[in-house]
Amino acid sequence: MKFVISRDALLKPLNLVAGVVERRQTLPILANILLVVDGERVSLTGTDLEVELVGRVVLSVAAGEDGEVTVPARKLVDICKSLPEGSDMEFSSAEGKVTVKSGRSRFTLSTLPAREFPNVEDSMGTHKFTVKQSQLKRLIDRTSFAMAQQDVRYYLNGMLWELESKQIRVVATDGHRLAMCTLATDLDITETMQVILPRKGVIELSKLLLEEDAEIAVVIGSNHIRATTDDFTFTSKLVDGKFPDYQRVLPRAADKILLGSRLELRQAFSRTAILSNEKYRGVRLKLTENNLEIVANNPEQEEAEEMVSVDYQGDSLEMGFNVGYLLDVLGVLSGEQVKLSLADPNSSALLEESESGDSLYVVMPMRL
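This structure is a prediction, so every number in the text was calculated from the model and none was measured.

Visitor: Kindly report on the sheet that holds strand β1 (residues 2–6), identifying the contributing residues and their values.
Guide: Spatial strand order, β1-β6-β7-β8: four strands in an open sheet with antiparallel pairing. The outermost strands of the open sheet, each flanked by one partner alone, are β1 and β8 (105–110). Neighbour-to-neighbour, the strand axes of the sheet open up by a mean angle of 20°, direction not taken into account. Taken strand by strand, helix α1 (residues 7–20) contacts β1 and β6 (88–94), and its axis lies near 90° from that of β1.

Laid out in structure tokens, this is it:
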């Protein structure tokens with residue numbers, strides 16, 4: 001195998017593919033990425049057996065020799081980053097080693113046989129759709145923060161994708177809050193399909209969505225999801241589990257409606273968060289007519305108070321919330337105003353954009 005590639009063309013796909021590779025792994029081959037040269041194109045593949053990413057780069061100079069080899073991912077990334085911009089890299093393999101030359105630099109890396117590199121099985125897809133990358137990125141960006149991180153309810157450490165006729169909906173929850181975003185499409189299916197994409201798959205897929213107007217083709221099967229762009233093919237196993245019925249979590253009787261400036265509320269919550277208890281992050285919301293008072297205390301007997309003018313008519317109400325959860329929602333919402341629907345101190349709050357938006361957020365109250 002022999003080929004020449006510019007360092008700048010290689011760096012971006014190499015970084016993304018190496019991002020899939022786990023730093024600690026059970027099989028030595030999983031620390032490597034697979035390089036395959038075929039004519040004028042080189043493909044790079046990284047996997048952790050759950051998620052696989054293939055990046056493709058067209059060579060500016062026709063390849064000298066086709067072939068395939070696996071090389072240590074992190075070392076190749078570090079070599080590529082350390083070389084000067086605009087330089088060319090010449091790869092050649094012989095006798096179980098890969099040599100990388102660039103200018104006066106020369107590196108020899110050990111390899112492992114390409115035939116041992118695991119291949120994520122190719123299952124038949126049952127549902128296919130194509131969307132703009134910006135649309136898919138919006139779905140992920142608006143909900144991914146609410147995914148659980150290491151919950152024993154493993155199905156919460158991921159994101160629900162629900163396909164219905166004419167719409168795609170994604171939902172994430174960690175048991176304390178829920179985020180939901182819906183995209184209208186021309187999807188034509190007869191019955192609703194639900195799959196759970198694992199947390200790592202969500203994060204790696206999001207990194208690929210760089211060209212807003214370019215399209216991405218998604219194929220969903222019984223246990224895999226595959227997304228393909230011009231430069232990448234992303235494959236992930238799906239989580240085998242049942243996602244909770246998110247419709248039951250949406251507050252139905254939230255009759256106390258508050259409208260406020262998103263920016264003012266976000267700044268007020270940020271300031272009160274400074275003196276909230278670092279462990280529990282609780283703040284108290286005291287709602288009276290056209291006024292919201294936010295109070296935070298901590299074990300050192302310190303206190304922060306903020307008064308925010310809001311549009312609210314109704315009975316006074318006092319509730320406690322995790323300020324971090326409220327800030328996360330206000331960070332992804334857009335628009336001038338935010339709509340907060342409440343029922344009583346023991347019921348969840350519903351947050352959304354005041355105009356008809358595509359996203360809903362539910363935050364559980366705290367006892368303070």
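Picking up after the structure, the text goes on.
Visitor: Which residues make up unusual backbone geometry, and what values do they have?
Guide: Backbone phi values are negative for most residues with the exception of glycine, while trans is the configuration of most peptide bonds. The backbone phi angle of Glu 95 is positive, close to 50°, even though this residue is not glycine. With respect to the element layout, Glu 95 can be found in the loop between β6 and β7 (97–102). Phi at Arg 281 is positive, roughly 60°, even though this residue is not glycine. Mapped onto the secondary structure, Arg 281 falls in the loop between α5 (262–273) and β18 (282–288).

Visitor: Break down the sheet that holds strand β19 (residues 291–297) for me, with residues and values.
Guide: Pairing within the open sheet is antiparallel, and its four strands lie in the order β20-β19-β18-β21. Edge positions in the open sheet fall to β20 (303–309) and β21 (317–322), since each of these has one partner strand only. For this sheet the average axis-to-axis angle between neighbouring strands, irrespective of direction, equals 20°. Pairing between β18 and β21: six bridges, direction antiparallel. Following the sheet pairing, Lys 286 is matched in β21 by Glu 318.

Visitor: Account for the pattern of salt bridges, with residues named and values stated.
Guide: A side chain with one charge may pair with a side chain of the opposite charge, provided their charged atoms come close. Scanning the entire structure with this criterion turns up 14 salt bridges. Residue Asp 8 is joined to Arg 7 by a salt bridge in which the shortest nitrogen-to-oxygen separation is 3.2 Å. The salt bridge partner of Asp 358 is Arg 138, with a shortest N-O separation of 2.7 Å. Placement of the pair is Asp 358 in the loop between β23 (349–353) and β24 (359–363) and Arg 138 in helix α3 (residues 133–141), with a sequence separation of 220 residues. Classification of Asp 358 as partly exposed rests on a relative accessible area of 24%. Ionic contacts of the salt-bridge type, sharing partners, join the residues Arg 138, Arg 142, Glu 353 and Asp 358 into one network.

Visitor: Break down the pairing of β18 for me, with residues and values.
Guide: Here five bridges tie β18 to β19, and the two strands are oriented antiparallel to one another. Within the sheet, the bridge partner assigned to Leu 285 lies in β19 and is Ile 294. Counted between consecutive antiparallel strands, the loop separating β18 from β19 contains two residues, among which Asn 290 sits at a positive phi close to 60°.

Visitor: I'd love a proper account of the environment of Leu 263, names of residues and values included.
Guide: Within the secondary structure, Leu 263 sits in helix α5. Taking C-alpha positions, Leu 263 is 38 Å from Ala 18, a pair spaced 245 residues apart along the chain.

Visitor: Hey, could you go over the nonpolar core for me, with residue numbers and the actual values?
Guide: Grouped together as the largest cluster of nonpolar side chains are 98 residues, with contacts concentrated most on Phe 91, Leu 136, Trp 161, Leu 205 and Ile 220. With residues up to four places along the chain from it excluded, the contact list for Trp 161 reads Phe 129, Leu 136, Arg 169, Val 170, Met 193, Gln 194, Val 195, Leu 197, Leu 205, Val 218, Ile 220 and Ile 225. Residues Phe 243, Tyr 246, Leu 350 and Leu 360 belong to the second largest nonpolar core, which totals 14 residues.

Visitor: Before we move on, can you summarise the packing of α1 against helix α2 (residues 73–82) with the specific residues and values?
Guide: At a minimum axis separation of 10 Å, α1 and α2 run at an interaxial angle of 150°. The two elements α1 and α2 meet at a crossing, and its hand is left-handed. Touching Arg 7, Leu 10, Leu 11, Leu 14, Asn 15 and Ala 18 of α1 are Ala 73, Arg 74, Leu 76, Val 77, Cys 80 and Lys 81, all from α2. Residues belonging to the contact of α1 with α2 are distributed by class as follows: eight nonpolar, one polar and three charged.

The rules we used
Residues numbered from 1 in each chain as written. Predicted model: local features only at pLDDT ≥ 70, side-chain atom pairs only at ≥ 80, totals over all residues. Heavy atoms only, no water. Pairing = 2+ DSSP bridges. Helix = DSSP H or I, 4+ residues; strand = E, 2+ residues; numbered from the N terminus. Axes fitted to C-alpha atoms, helices over the stretch in contact; angles between N-to-C directions. Contact = heavy atoms within 4.5 Å. Salt bridge = Lys/Arg side-chain N within 4 Å of Asp/Glu carboxyl O. Buried < 20%, exposed > 50% of the residue type's maximum accessible area, 1.4 Å probe, protein only. Core = buried A, V, L, I, M, F, W, Y, C linked by side-chain atoms within 4.5 Å. Left-handed = near helix turned anticlockwise from the far one by under 90°. Nonpolar A, V, L, I, M, F, W, Y, C, P; charged D, E, K, R; others polar.

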